[in-house]
Amino acid sequence: MTTINKKMTAICPDCDKDINLGPRPTMGHKLVCPYCEAYLELVNLDPPELTWDMGEFDDDDDWDDDDWSDDDDDNDDDGW
C-alpha cells in the first residue's frame, strides 16, 4: 500500500499568496504568513481557508480609556 503525503495549501487573505499548511493541518491552527507576516488561523479544512487571527488583539491592553480623552474644552486656534 502506498501512502501519498499531499501537502495542503490555502490562500493568505492579506497578500493572496499560497501558504503550505503541511500534510495534516487541524482546525484552529494558527500561523504567520511567510510572505506578509499576517497572523492567521485555519477556519475551514474543506476547502482549506485562512482568516486573520483576531486572538492576537483580544487581550491587548495597550489602549486605555484615558488614551481617548475628550479635549473639547480646549480653546486651541487650530480648529480641532
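Conventions we followed
- Within any chain, residue numbers begin from 1 and follow the written order of that chain's sequence.
- The model is predicted, so local features are restricted to residues of pLDDT at least 70 and side-chain atom pairs to those at 80 or more, both for listing and for counting; the totals for chains, interfaces and linings are taken over all residues.
- In computing side-chain values, all of the structure's heavy atoms are included and hydrogens and water are not.
- Numbered from the N terminus, helices here are DSSP runs of H or I no shorter than four residues, and strands are runs of E no shorter than two.
- Each residue's exposure class comes from its accessible area (1.4 Å probe, protein chains only) as a fraction of the maximum for that residue type: buried when under 20%, exposed when over 50%, partly exposed otherwise.
- Using a 1.4 Å probe, accessible areas were evaluated by the Shrake-Rupley method; residue-level cover was limited to the displayed protein chains.
- A strand pair is defined by DSSP finding two or more bridges across the two strands.
- Lines fitted to the C-alpha atoms define the axes, with helices restricted to the stretch that makes contact. Angles between their N-to-C directions range from 0 to 180 degrees.
- Definition used for salt bridges: Asp or Glu carboxyl oxygen within 4 Å of a side-chain nitrogen of Lys or Arg.

Asker: Would you mind showing me how to read the overall build of the protein chain here?
Answerer: Summing up its helical and strand segments, the protein chain has 1 helix and 5 strands in all. Reading the protein chain from its N terminus to its C terminus gives the helix and strand order β-β-β-β-β-α. Expressed as a percentage of its 80 residues, the buried residues of the protein chain come to 16%. Carbon and sulfur atoms form 44% of the exposed surface of the protein chain, whose accessible area is close to 7100 Å².

Asker: Would you take a moment to explain the sheet that holds strand 4 (residues 39-45) for this structure?
Answerer: Paired through backbone hydrogen bonds, the strands of a sheet run either parallel or antiparallel to each other. Taken in spatial order, the 3 strands line up as 3-4-5 in an open sheet, and their pairing is antiparallel. Both edges of this open sheet fall to strand 3 (30-32) and strand 5 (48-52), since each of them pairs with a single strand only. Sheet twist, expressed as the mean angle between neighbouring strand axes with direction ignored, is 40 degrees. Where strand 4 lies against strand 5, 5 bridges are found, and the strand directions are antiparallel. Its bridge partner lying in strand 5, Glu41 is registered against Thr51.

Asker: Which parts of the structure should I look at to understand unusual backbone geometry?
Answerer: When glycine is set aside, most residues are seen to have a negative phi, and most peptide bonds are trans. With an omega of 5 degrees, the peptide bond running from Asp46 to Pro47 counts as cis. Take Pro47: it is sitting in the loop between strand 4 and strand 5. In this model, Asp16 sits at a positive phi of 65 degrees, which is unusual for a non-glycine residue. On the accessibility criterion, Asp16 (60% relative accessible area) is exposed. Phi angles above zero are rare outside glycine, and Glu37 is one such case at about 65 degrees. Mapped onto the fold, Glu37 is located in the loop between strand 3 and strand 4.

Asker: Can you help me understand the pattern of salt bridges in this one?
Answerer: A pair can form between side chains of opposite charge whenever their charged atoms are brought close. In total, this model carries 1 salt bridge according to the counting rule given. In this structure, the salt-bridge partner of Asp53 is Lys30, at a minimum N-O distance of 3.4 Å. Here Asp53 is found in the loop between strand 5 and helix 1 (55-58), whereas its partner Lys30 is found in strand 3, with 23 residues between them in sequence. Owing to a relative accessible area of 48%, Lys30 belongs among the partly exposed residues under this scheme.

Asker: Is there a simple way to think about the pairing of strand 1 (residues 8-11) in this case?
Answerer: Each regular strand shows side chains that alternate between the opposite faces of the sheet. Relative to strand 2 (residues 18-22), strand 1 is paired through 4 bridges, and the arrangement is antiparallel. Bridging across to strand 2, Ile11 finds its partner in Asp18. Linking two consecutive strands that pair antiparallel, namely strand 1 and strand 2, is a turn of 6 residues; a positive phi of about 65 degrees is found at Asp16 within it.

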